[in-house]
Amino acid sequence: MTSLRVTSLRATTGLAEVGRHVTFAGRVLATLPTALVRYRRQVVKEVVDVGFGSTSLIAGGGTIGIVLAMSAVAAIMVGVETYRGLDLIGMTTLSGMLSAMANTRELAPVVASIALAAKVGTGFTARLGSMRISDEIDALDAMSVPTVPYLAGTRVIATMICIVPLYAVGLVATYIATRVVVVHVNGGSAGTYDHFFHITLGPEDVLYSLIKAVVFALVIVLVHCSYGYHATGGPEGVGRAAGRALRTSILLIGFIDIVLTFALWGLVPEVPALGIT
């Protein structure tokens, strides 16, 4: 009976926490117009912080630099293993096709989102958590400042503004890195690679990929802001909240990625230019 009671208590607590985060996300989304109209200066400040960090790219590890580096490194490995695998069956000419599909549909949005969660998301959790444990959020409430739009809504808007150029940088980095590996390192044909790359990659693929990145970014910001806003237990509690937020956002990215891939591209992949439908 004791173990059953403990299990039941944990399940109830878990459901209550999920409900708290979902409710917070709903409140943030509902107050986005207020944040955009009343706190435009704060939005601009957050845009600079999300895109470049609080200091230089080298010292602060700006988000642009992190997305660029992580995307390039991941794409290099895609190029290496793609060429090796296709070389075993004598089909290295299809490297461009696999590069266009893998980088656009899966690699670029997932890598950029993980970088965003690790750099921007954890920063949001730490800042809001430190404000919570130092009673700064309570002080804003006492001054009749709506903390949800001011602290969370502005960060959501700033991230939505930044995610498009950030993601564009990461996507281009994956294309360039994979091509360099296949063509210049492994000696593949540049013309053949570019031919299959361009006939495989359509504008709708880039649009769908951007949709995935935007959805991932929205989920990341909502999760991390919620954990920071509800942090308890002093500095140690803020650290735990940041870790839980990062784990939660990465798990959600993986789950949503599967759902969006099937929803946007279907269960069976298609490449109309190659007659694969």
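The present account deals with the structure reproduced in this document. All of these numbers come straight from a predicted model, not from anything done at the bench.

What counts and what doesn't
- Residues numbered from 1 in each chain as written.
- Predicted model: local features only at pLDDT ≥ 70, side-chain atom pairs only at ≥ 80, totals over all residues.
- Heavy atoms only, no water.
- Helix = DSSP H or I, 4+ residues; strand = E, 2+ residues; numbered from the N terminus.
- Buried < 20%, exposed > 50% of the residue type's maximum accessible area, 1.4 Å probe, protein only.
- Patch = residues over 30% accessible without salt bridge, like charges linked within 9 Å, V, L, I, M, F, W, Y side chains within 5 Å.
- Areas by Shrake-Rupley, 256 points an atom, 1.4 Å probe, with all protein chains shown as cover.
- Salt bridge = Lys/Arg side-chain N within 4 Å of Asp/Glu carboxyl O.
- Contact = heavy atoms within 4.5 Å.
- Axes fitted to C-alpha atoms, helices over the stretch in contact; angles between N-to-C directions.
- Parallel < 35°, antiparallel > 145°, perpendicular 65-115°, else oblique.
- Left-handed = near helix turned anticlockwise from the far one by under 90°.
- Nonpolar A, V, L, I, M, F, W, Y, C, P; charged D, E, K, R; others polar.

1. Focus on unusual backbone geometry
And step 1. Non-glycine residue D135 carries a positive phi angle of around 65 degrees.
And step 2. On the secondary structure map, D135 appears in the loop between α6 (95-133) and α7 (136-142).
And step 3. Judged by relative accessible area, which is 47%, D135 ranks as partly exposed.
And step 4. With phi around 65 degrees, S144 is a residue other than glycine that occupies positive phi space.
And step 5. Looking at the secondary structure, you find S144 in the loop between α7 and α8 (147-185).

2. Points about a nonpolar patch on the surface
And step 1. Together, V172, I176, V180 and V185 line one region of the surface with nonpolar side chains, adding up to about 350 Å² of accessible area.
And step 2. Classification of V185 by relative accessible area gives exposed; the value is 60%.

3. A closer look at the environment of T122
And step 1. Here T122 shows up in helix α6.
And step 2. Here the alpha-carbon distance between T122 and L210, two residues 88 residues apart in the chain, equals 22 Å.
And step 3. The contacts of T122, once residues within four sequence positions are left out, are A117, H224, A242 and L246.

4. Some details on the packing of α6 against helix α9 (residues 190-200)
And step 1. Axis separation between α6 and α9 bottoms out at 7 Å; the angle between their running directions is 40 degrees. Accordingly, the angle class assigned to the pair α6 and α9 is oblique. The two elements α6 and α9 meet at a crossing, and its hand is right-handed. Contacts between α6 and α9 involve S95, G96, M97, S99, A100 and M101 from the former and Y193, F196, F197 and T200 from the latter.
And step 2. Of the residues in the contact of α6 with α9, the class split is six nonpolar, four polar and no charged.

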